[in-house]
Amino acid sequence: MIKTYLRVFQIVVVVLIGALAISTLLVPEDSALIPILRVLSPDRFYASPLNIALWLTLCLVMLLAIFLKGMPGFAQKCLHFLLVMIFLLIIYDKTVNQRFYISIREEQEVNFTSFLEKPGAAYDIPIRLLKFDIQFHSGTNAPAAFTSQLLINQTDTALLAVNQPLDIGRYRLYQNAYDRDYFVKAISNQDTLITQFNMPFNLNQWEIVLREFNVTTGNFLVEVDKAEYQVAPDEISNLSGLKIKFDRPSPRYTSIIEVVEVTGVNILAILGLMYLLVLAYLLGWKQSNVQ
Amino acid sequence: MEQALLLLTLIIYLAAFVSLITRVRDRICHGLIWLAILSHLSALAFRSIVAGHPPFTNLYETILLLSFLLALRLVLWRRQIERRYSWIILLTIMGLIGAALGMPSSYKTIRPLMPALNSIWMYLHVPAYFFGYMALVLAFIYALIFLLRGKNESSSETLNLIRRLDNEVRIAFLFLNIGLVTGAIWAYHSWGNYWAWDVKEVWALINILTLALYFHLLKPKGIKKVFIVILTFLTVVFTYLGVSFLLRGIHSYL
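Residues numbered from 1 in each chain as written. Chains lettered and ligands numbered in written order. Predicted model: local features only at pLDDT ≥ 70, side-chain atom pairs only at ≥ 80, totals over all residues. Heavy atoms only, no water.

1. Quick notes on the overall build of chain A
Heads up, the condition is: The helix and strand labels rest on DSSP assignments: H or I over at least four residues marks a helix, E over at least two residues marks a strand, and numbering proceeds from the N terminus. In this description the radius of gyration comes from C-alpha coordinates, and the expected globular size is given by 2.2 Å times residues to the power 0.38. With a 1.4 Å probe rolled over the protein chains alone, any residue whose accessible area is under 20% of its type maximum counts as buried; one over 50% counts as exposed, and the rest are partly exposed. Two residues form a contact once any of their heavy atoms are found within 4.5 Å. Here the open area of atoms and residues is found with the Shrake-Rupley method and a 1.4 Å probe, where only the protein chains shown may cover a residue. Charge convention: Lys and Arg are scored as positive, Asp and Glu as negative, and His as well as the terminal groups of each chain are ignored. Working definition for charges: the position is that of NZ of Lys, CZ of Arg, CG of Asp or CD of Glu.
When you go through chain A residue by residue, the secondary structure sums to five helices and 15 strands. The globule rule puts the C-alpha radius of gyration for 291 residues at 19 Å, and the 29 Å found for chain A is more than 25% above it. With the C-alpha coordinates of chain A rotated into their principal frame, the extents come out at 90 × 50 × 40 Å. The buried share of chain A, reckoned over its 291 residues, is 43%. Restricting the contact set of chain A to residue pairs at least 6 apart, pairs at least 24 apart contribute 49%. Total accessible area computed for chain A in this model is approximately 15,600 Å², and 57% of it derives from carbon and sulfur atoms. Separation of charge centres in chain A, based on 23 positive and 25 negative side chains, amounts to 14 Å.

Here you go:
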């Protein structure tokens, strides 16, 4: 019996290794060229029934070996049982759990329930991004840390930072990333307008587009009725009869928050650590092959 | 300063290598290796102080870390490594340091740490992997020696070699698993996702699955074990270098 289990285990593992390796070497476009590779394409394979079937087969082989005397020693049975639990929980986590992203600009409010597959009254919670803070490594544009100060349900403030998630019921929020664009305040006569680069806007009869801000020259490139001008910031300029002033560009941040449904799979960490302990015992103290 | 220290380290390792192959007394040889380790550690410490983080965030730093771990293994666990194989390990260490020194300066540039890397788990996850890689390098060396010998598998020398191979593989397997599990826990803390099918994660899993075959052989003969070790070593090299250069994912740290 042991030989059978080992042989089946070897076959399944070799097939898995091959499939996983090929999937990483393909790009989704390859499946368009060679349709038979579609099943192994990285955008399909990992969530596919084939991948799940391979892992379930591995779990089945291990369970049969554990319970039908295919494995000597309690420690080995324990090790493989822990592995089965870990694989099954990961399959469950990947197939069942909800996971999505929320992008919120500063001072913007979103409703949490609008993102859920199954909206419910319990999660009819407005979330407002009060302030997005970012610190850069000195002398660089690389972020050292960034945080989102959130107002949850119009009453509770909370700080969301990288590696410091927040819980809302059975959902956990992670500070995933951020986006940055620039806005510019344009003032002409009594009109004040907030605009962004490459977004046309109208002032009276003029059509204006702010093209770019040249960091070297410190000037804007502005298009007024298709004519281009170099315009200094914070100064009133006369452009084809239009008197206008542009303030220096200001960054506006959008916080990108990843939301994950937590369904108790955080026991995976405990199972993982238990697995390591048993493995260390088997490999360290027991000198024989793990079969 | 760091480059000067590394050059000094390389020179001292070379001196140790020469003393080893010319059969100079053990004490002198080990003294030289210890001196080299001290110099090596100084270079790593200098790098860490200047960078503001430990030296395992890019290819250059991890090559230096790997060579350092190999050197430590050579002196701290001397009894597990026969003197007649020590020259190969020294040669490997020198090769790694030479490769690091010869890298373009863009690879050596200190880059600021991403916010997600600012975690206690980095101090467990990365060193665990490199401890595993260190053991796998030694296993690979024993595997090559086995192949080059081509002697009777039942001879006492070959059995001794296989026993040492078993030892290294057990260490490698344990630490590769520690690296994988700590990485998964770290990913859960940072991104709420134990497993994201990132290319590096997939190849790390391939490494473990391949090495797991070592422990699940029907007839665990030396040649089969050697084949699995060589295959695992190749997958680890691909994981370490190939994934970063050829494939892209969140683990592309060059």
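2. A few points about the pattern of salt bridges
Residues and elements named next belong to chain A. Here is the rule we go by: Counted as salt bridges are all cases of a side-chain nitrogen of Lys or Arg within 4 Å of a carboxyl oxygen of Asp or Glu.
In the structure shown here, the tally under the stated rule is 15 salt bridges over all chains. Between Arg128 and Glu107 there is a salt bridge; the shortest N-O distance is 3.7 Å. Pair noted here: Arg128 is in strand β3 (residues 126-136) and Glu107 is in the loop between β1 (99-105) and β2 (109-111), with a separation of 21 residues, a long-range link. For Glu107, a relative accessible area of 49% corresponds to the partly exposed category. Here Glu109 and Arg128 are joined by a salt bridge, their closest N and O atoms 3.6 Å apart. With Glu109 in strand β2 and Arg128 in strand β3, this residue pair connects regions lying 19 residues apart in the sequence.

3. Points about a positive patch on the surface
As a reminder, the rule being used: Exposure above 30% relative accessible area and no salt bridge define the residues that can form patches, which grow by joining like charges within 9 Å and nonpolar side chains of Val, Leu, Ile, Met, Phe, Trp and Tyr within 5 Å.
A cluster of basic residues, Lys3 and Arg7 of chain A together with Lys219, Lys221 and Lys224 of chain B, forms a positive patch at the surface. The residue Lys224 of chain B is located in helix α9 (residues 222-246) in this model. Judged by its relative accessible area of 35%, Lys224 of chain B is partly exposed.

4. Some thoughts on the packing of aromatic side chains
Just so we agree on the cut-off: Centres within 6.5 Å are what make two rings of Phe, Tyr or Trp a pair, Trp counting through its six-membered ring; a difference in plane orientation under 30 degrees is then read as stacked, over 60 as edge-to-face, and the rest as tilted.
Within the structure shown, the criterion is met by 27 aromatic pairs over all chains. Judged by centre distance (4.7 Å) and plane angle (5 degrees), the rings of Tyr46 of chain A and Trp197 of chain B are stacked. Highlighted residues: Tyr46 of chain A in the loop between α2 (30-33) and α3 (49-67) and Trp197 of chain B in the loop between α7 (156-191) and α8 (199-212), drawn from two different chains. Residue Tyr46 of chain A is classed as buried on the basis of its relative accessible area, which comes to 11%. These aromatic residues form a ring-pair network of at least three members: Phe45 and Tyr46 of chain A together with Trp195 and Trp197 of chain B.

5. A closer look at the packing of helix α6 (residues 122-149) of chain B against α9 of chain B
Residues and elements named next belong to chain B. Short version of the rule: The convention used is that axes are lines fitted to C-alpha atoms, helices contributing only their stretch in contact, and that angles between N-to-C directions extend from 0 to 180 degrees. Between 65 and 115 degrees an angle is taken as roughly perpendicular, under 35 as roughly parallel, over 145 as roughly antiparallel, and anywhere else as oblique. Two helices cross in a left-handed way if the nearer one is turned anticlockwise from the farther one by less than a right angle. They cross in a right-handed way if the turn is clockwise.
Interhelical geometry of α6 versus α9 gives an angle of 135 degrees and a closest axis separation of 9 Å. In terms of axis orientation, α6 runs oblique to α9. Between α6 and α9 lies a crossing whose hand is left-handed. Each of Phe130, Tyr133, Leu136, Val137, Ala139, Phe140, Ala143, Phe146 and Leu147 in α6 lies in contact with α9, whose residues at this interface are Gly222, Ile223, Val226, Val229, Ile230, Thr232, Phe233, Val236, Thr239 and Tyr240.

6. Here we look at the interface of chain A and chain B
Rules: The term buried area denotes the loss of accessible surface (1.4 Å probe radius) that occurs when two parts are joined, taken as the sum for both partners. Each residue gets one label: Ala, Val, Leu, Ile, Met, Phe, Trp, Tyr, Cys and Pro are nonpolar, Asp, Glu, Lys and Arg are charged, and the others, such as Gly, are polar.
Listed as interface residues are 52 residues of chain A and, on the opposing side, 40 residues of chain B. When chain A packs against chain B, close to 4,100 Å² is buried across both sides, 67% of that on carbon and sulfur atoms. Broken down residue by residue, the surface that chain A buries against chain B is led by Thr24, Asn163 and Leu283 of chain A, which jointly contribute 15%. The tally of links between chain A and chain B comes to zero salt bridges. Secondary structure elements with two or more residues in the side of chain A that touches chain B: α1 (2-25), α3, α4 (74-96), β4 (143-152), β7 (171-188), β15 (250-261) and α5 (267-285) of chain A. No other element matches the 13 residues that α1 of chain A contributes to the side of chain A that touches chain B. Looking at the side of chain A that touches chain B residue by residue, the classes come out as 32 nonpolar, 13 polar and seven charged.

7. What about the layout of surface pockets?
Operational definition: Using protein atoms alone on a 1 Å grid, points that fit a 1.4 Å probe yet trap it form a cavity, whereas open point sets bounded by protein on both sides within 12 Å along at least five of seven lines form a pocket; residues with an atom within 4 Å of a point count as lining. Grid points are joined across faces, edges and corners, and a volume is the space filled by probe spheres set on the points.
Taken as a whole, the largest pocket encloses approximately 920 Å³ of empty space. Together, 45 residues line the largest pocket, and Ile86, Phe87 and Ile90 of chain A together with Trp195 and Leu205 of chain B are the ones closest to its centre. For the lining of the largest pocket, the secondary structure elements donating two or more residues are α1, α3, α4 and α5 of chain A together with α7 and α8 of chain B. Top contributing element to the lining of the largest pocket by residue count: α4 of chain A, with ten residues.

8. Side note on the sheet that holds strand β9 (residues 201-203) of chain A
Residue and element names in this part refer to chain A. To be explicit about the condition: Two strands are said to pair when DSSP picks up at least two bridges between them.
Ordered in space as β9-β10-β11-β12, the four strands form an open sheet in which the pairing is antiparallel. With one partner strand each, in any of the chains shown, β9 and β12 (227-231) form the two edges of the open sheet. When the angles between neighbouring strand axes are averaged without regard to direction, this sheet yields 35 degrees. The sheet contact formed by strand β11 (residues 219-224) and β12 spans five bridges and is antiparallel.

9. Re empty space enclosed by the protein
Using the criterion set out here, one finds three cavities of 30 Å³ or more in the structure. In this structure, the second largest cavity is lined by twelve residues; those nearest its centre are Tyr5, Leu6, Ala65 and Met71 of chain A together with His216 of chain B. Secondary structure elements with two or more residues in the lining of the second largest cavity: α1 and α3 of chain A. If one sorts the elements of the lining of the second largest cavity by residue count, α1 of chain A sits on top with four residues. Of the residues contributing to the lining of the second largest cavity, the split by class is eight nonpolar, four polar and no charged.

10. Considerations on the environment of Asn219 of chain A
Looking at the secondary structure, you find Asn219 of chain A in strand β11. Look past the residues within four positions of Asn219 of chain A in its chain and what remains in contact with it is Glu212, Phe213, Asn214, Gln230, Val231, Ala232 and Pro233 of chain A.

11. Thoughts on the domain arrangement of chain B
Residue and element names in this part refer to chain B. Worth spelling out the cut-off: The start and end points of each domain follow an automatic or database-based domain assignment.
Domain boundaries assigned for chain B yield domain 1 (1-108) and domain 2 (114-254). Each side of the interface is counted separately: domain 1 has 23 residues, and domain 2 has 26 residues. Carbon and sulfur atoms make up 70% of the area that domain 1 and domain 2 hide from each other, which totals about 2,300 Å². Of all residues in domain 1, the largest losses of buried area upon contact with domain 2 belong to Phe56, Arg73 and Tyr85, amounting jointly to 24% of the total for that side.

12. As for the domain arrangement of chain A
Here chain A is described as being made up of domain 1 (2-97 + 268-285), domain 2 (99-179 + 253-261) and domain 3 (182-250). For domain 1 of chain A versus domain 3 of chain A, the distance between C-alpha centres works out to 59 Å.

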